[in-house]
Amino acid sequence: MIISSATDYRKAAKSKLPPFLFHYIDGGSYNEQTLRRNSEDLATIALKQRVLKNMSEIDLSIEIFGEPLNLPIALSPVGLTGMYSKRGEVQAALAAQQKGIPFTMSTVSVCPIEEVTSKLERPMWFQLYVLKDRGFMKNVLERAKESGVSTLVFTVDMPIPGARYRDLHSGMSGPNAAMRRVFQAMRHPDWAFNVGVMGKPHDLGNISTYRGKPTKLEDYIGWLGENFDPSICWKDLEWIRDFWQGPMVIKGILDQQDAKDAVNFGADGIVVSNHGGRQLDGVLSSAKALPYIADAVKGDVKILVDSGIRSGLDVVRMLALGADCAMLGRSYIYALAAQGRTGVENLLDLYEQEMSVAMTLTGANNINQLNHDSLMRI
Ligand SMILES: Cc1cc2nc3c(=O)[nH]c(=O)nc-3n(C[C@H](O)[C@H](O)[C@H](O)COP(=O)(O)O)c2cc1C
């Protein structure tokens, strides 16, 4: 199969993965309206073509939270990454390091923090959910500090998990789920051997290390369900601010007032995100919410954005709409599932090339030159 885009990687991931995993990645909540809006709205953003401006030198690098990045891109946290490819968190983190960008490890990763950081020379970012078990939160933050994690990404749009109907149909959950998953794995022998057998242990690495006993994937939904904390409010985040001295980013902002509250709280960054359309279906796409949030807080806090980005062109669109840095979710996961670390590196090469073309033809020599003037509004 010839692969020339994130769309091709999605197709490749679909044929490689057992359906319960592909649909877990690919799906959104309820009718998946927000999931669709994320990419449809982004596609309607027209860039302004400019010509004859000597574009022989293009600089795609940025600095964020004191870290130099070769591209204005970071990898978003994605739970169970080690189920999509053998020890997937390690492979994705090595690909990000090779391209000079940050990898963000999810709280609910398969590999524990230490397994990944021990293989890296570059510090990674770590994502934390607000959980009832504050002992776990403290434990994992201490381990993140000891492992040299540079930036904490605090996800706040999951006080309760969104319902994802595809999971019931695919065998991720629902009747006879375990048996259906075994049958699916048997029909995907490449995945069954490389990930199912060679990628063990299939644990929630960070949680098992804390509990001192394996937390199996079957426990995943139950553990999360019991542990999300709908009572959380800004005041509860203060102890984290005191505990974590490094940069702190609040992920899951879609509203202007919430963005201002994050600035007042002292956040170093926000991620404009609807969790890739996996939480509240019907909310605005990130592309629609971003300019309105940038109007309120641009310059006061670093603005990161994810949800719907499927090309380097989309990254340029998001930067023109007011973001300082883009984050990739599904697109790098499809590439990881299809080709492991090499797939993620290839995908990032593609994004780099697509960004260079878009910047050459919008007359932007560097990332700072991408702004509202790069957009065509007629
Ligand atoms: C399979 C899957 C698992 C995810 N797990 C997490 C997670 O553990 N923590 C988190 O903050 N966000 C999680 N997200 C959301 C992503 O970080 C990101 O916001 C989203 O994927 C961006 O949208 P995109 O996939 O359209 O790029 C997950 C997304 C997917 C697809």
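Our subject is the structure that appears above.
None of these values were measured; they are calculated from a predicted model.

**Q** Explain the side chain of Glu115 to me, please; I cannot follow it from the model alone.
**A** With respect to the helices, strands and loops of the structure, Glu115 is situated in helix H5 (residues 113–117). Beyond its immediate chain neighbours, meaning those up to four positions away, Glu115 contacts Arg87 and Val90.

**Q** What is the right way to look at the pairing of strand S5 (residues 125–129) in this model?
**A** Residues in a regular strand point their side chains to alternate faces of the sheet. Burial runs high along S5: 5 of the 5 residues are buried. Of the two faces of S5, the one lined by Trp125, Gln127 and Tyr129 and the one lined by Phe126 and Leu128 are each fully buried. Across 2 bridges, strand S4 (residues 104–105) lies against S5 in parallel orientation. Looking at S5, one finds that Thr104 is bridged to Trp125. Pairing of S5 with strand S6 (residues 151–155) involves 5 bridges; the strand directions are parallel. In the strand pairing of S6, Trp125 is matched with Thr151.

**Q** What is the right way to look at the site of the ligand in this model?
**A** Around the ligand sit 23 residues, and of these Pro77, Ser106, Thr155, Asp306 and Arg330 come closest. Thr155 is positioned such that a nitrogen or oxygen atom in its side chain is 2.7 Å from an oxygen atom of the ligand. Burial of the ligand by the surrounding chains reaches 99%, relative to a free accessible area of 600 Å². If you list the elements that add at least two residues to the shell around the ligand, you get helix H2 (19–26) and S5. Grouping the amino acids of the shell around the ligand by side-chain chemistry returns 7 nonpolar, 11 polar and 5 charged.

**Q** Is there a simple way to think about the packing of helix H13 (residues 256–265) against helix H14 (residues 286–297) in this case?
**A** Packed helix pairs are specified by the crossing angle of their axes together with the interaxial distance, meaning the distance between the axes. In contact at an axis separation of 9 Å, H13 and H14 are set at 40° when each is read in the N-to-C sense. Between H13 and H14, the angle falls in the class oblique. Judged by the sense of rotation from one axis to the other, the crossing of H13 with H14 is right-handed. Between H13, through Gln256, Ala259, Lys260 and Val263, and H14, the contact on the second element is made entirely by Tyr292, Ile293, Asp295, Ala296 and Val297. Here the residues of the contact of H13 with H14 are counted per class, giving 6 nonpolar, 1 polar and 2 charged.

**Q** I tried to follow the nonpolar core on my own but got confused; where do I start?
**A** Residues Tyr84, Phe103, Phe154, Ile250, Ile270 and Tyr332 are the most contacted members of the largest nonpolar core, which totals 125 residues. If one sorts the elements of this core by residue count, helix H16 (residues 330–360) sits on top with 14 residues. If we ignore the near neighbours within four places in the chain, the residues touching Ile270 are Val249, Ile250, Ile253, Ala259, Ala262, Ile293, Val297, Val301, Lys302, Ile303 and Leu304.

**Q** Whenever I open this one, the pattern of salt bridges confuses me. Can you help?
**A** Once the charged atoms of two side chains with opposite charge are near each other, the side chains can pair. Applying the stated rule across the entire model yields 15 salt bridges. A salt bridge links Glu67 to Arg122, with the nearest nitrogen and oxygen atoms 3.5 Å apart. Pair noted here: Glu67 is in strand S2 (residues 67–69) and Arg122 is in the loop between H5 and S5, with a separation of 55 residues, a long-range link. Accessibility assignment for this pair places Glu67 and Arg122 in one class, buried.

**Q** Whenever I open this one, the pairing of strand S9 (residues 302–305) confuses me. Can you help?
**A** Strand direction decides the pairing type here: strand S8 (residues 269–272) and S9, joined by 4 bridges, are parallel. Looking at S9, one finds that Val271 is bridged to Leu304. This β-α-β element, S8 to H14 to S9, shows right-handed connectivity. In the sheet, S9 pairs with strand S10 (residues 325–328) via 2 bridges, with the strands oriented parallel.

**Q** Would you mind going over the environment of Gly171 with me for this structure?
**A** Here Gly171 lies in the loop between helix H7 (165–170) and helix H8 (177–186). When the C-alpha positions of Gly171 and Pro19 are compared, they lie 7.9 Å apart, and in sequence the two are 152 residues distant. Sequence-distant contacts of Gly171, that is, excluding residues within four places in its chain, are made with Phe20, Ala177, Arg180 and Arg181.

**Q** Even after reading the chapter, I still don't get the packing of aromatic side chains, so can you show me in this structure?
**A** In this description, a pair of aromatic rings is defined by centroid distance and the angle of the planes. This model, assessed by the stated rule, comprises 8 aromatic pairs. A ring pair is formed by Phe136 and Tyr210, whose centres lie 5.5 Å apart and whose planes are at 65°; its orientation type is edge-to-face. A residue pair is termed long-range when its members are at least 10 positions apart, and Phe136 in helix H6 (residues 134–146) and Tyr210 in helix H10 (residues 205–211) qualify at 74 residues. When its relative accessible area of 31% is taken as the criterion, Tyr210 is described as partly exposed. Against the face of Phe243 rests Lys145, its NZ or CZ located 4.4 Å from the ring centre. Lying over the aromatic face of Tyr24, Arg278 brings its terminal NZ or CZ to 4.9 Å of the ring centre.

**Q** How should the sheet that holds S10 be read in this particular structure?
**A** Sheets are built from strands paired through backbone hydrogen bonds, the pairs being either parallel or antiparallel. The strand order across the open sheet built from 8 strands is S3-S10-S9-S8-S7-S6-S5-S4, with neighbouring strands paired in parallel fashion. Two strands close off the open sheet at either side, each with one partner strand: strand S3 (73–75) and S4. Contacting S5 and S6, H6 runs over the sheet at an angle of about 175° to S5. On top of the sheet, H14 reaches strand S7 (248–253), S8 and S9; it is set at about 150° to S8, its chief contact.

**Q** Would you explain a nonpolar patch on the surface in this entry?
**A** Together, Val51, Leu52, Val357 and Leu361 give the surface a local cluster of nonpolar side chains, amounting to about 430 Å² of exposed area. Secondary-structure assignment places Leu52 in the loop between helix H3 (33–43) and strand S1 (62–64). We classify Leu52 as exposed; its relative accessible area is 86%.

**Q** Would you take a moment to explain H6 for this structure?
**A** Residues spaced three or four apart along an α-helix face the same direction, because each turn holds 3.6 residues. In this model H6 runs 18 Å from its N-terminal to its C-terminal C-alpha over 13 residues, within 8% of the 18 Å that 1.5 Å per residue would give. Within H6 the residues assigned to the buried category are Phe136, Met137, Val140, Leu141, Arg143 and Ala144. Axial view of H6: buried residues confined to an arc of 165°, hence all on one face. In this structure Asp133 caps H6, since a side-chain oxygen of it lies 3.1 Å from the backbone nitrogen of Gly135. Immediately beyond the C-terminal end of H6, within one or two residues, lies Gly148, with a positive phi of roughly 80°.

What counts, and at which threshold
Residues numbered from 1 in each chain as written. Predicted model: local features only at pLDDT ≥ 70, side-chain atom pairs only at ≥ 80, totals over all residues. Heavy atoms only, no water. Helix = DSSP H or I, 4+ residues; strand = E, 2+ residues; numbered from the N terminus. Contact = heavy atoms within 4.5 Å. Buried < 20%, exposed > 50% of the residue type's maximum accessible area, 1.4 Å probe, protein only. Pairing = 2+ DSSP bridges. Near = heavy atom within 4 Å. Polar contact = N/O pair within 3.5 Å; in protein donor to acceptor, adjacent residues only side chain to side chain. Areas by Shrake-Rupley, 256 points an atom, 1.4 Å probe, with all protein chains shown as cover. Nonpolar A, V, L, I, M, F, W, Y, C, P; charged D, E, K, R; others polar. Axes fitted to C-alpha atoms, helices over the stretch in contact; angles between N-to-C directions. Parallel < 35°, antiparallel > 145°, perpendicular 65-115°, else oblique. Left-handed = near helix turned anticlockwise from the far one by under 90°. Core = buried A, V, L, I, M, F, W, Y, C linked by side-chain atoms within 4.5 Å. Salt bridge = Lys/Arg side-chain N within 4 Å of Asp/Glu carboxyl O. Right-handed = clockwise from strand over helix to strand, strands pointing away. Phe/Tyr/Trp six-rings, centres within 6.5 Å; stacked < 30°, edge-to-face > 60°. Lys NZ or Arg CZ within 6 Å of the ring centre and 35° of its normal. Patch = residues over 30% accessible without salt bridge, like charges linked within 9 Å, V, L, I, M, F, W, Y side chains within 5 Å. Expected span 1.5 Å × (residues − 1). Arc of directions from axis to C-beta.

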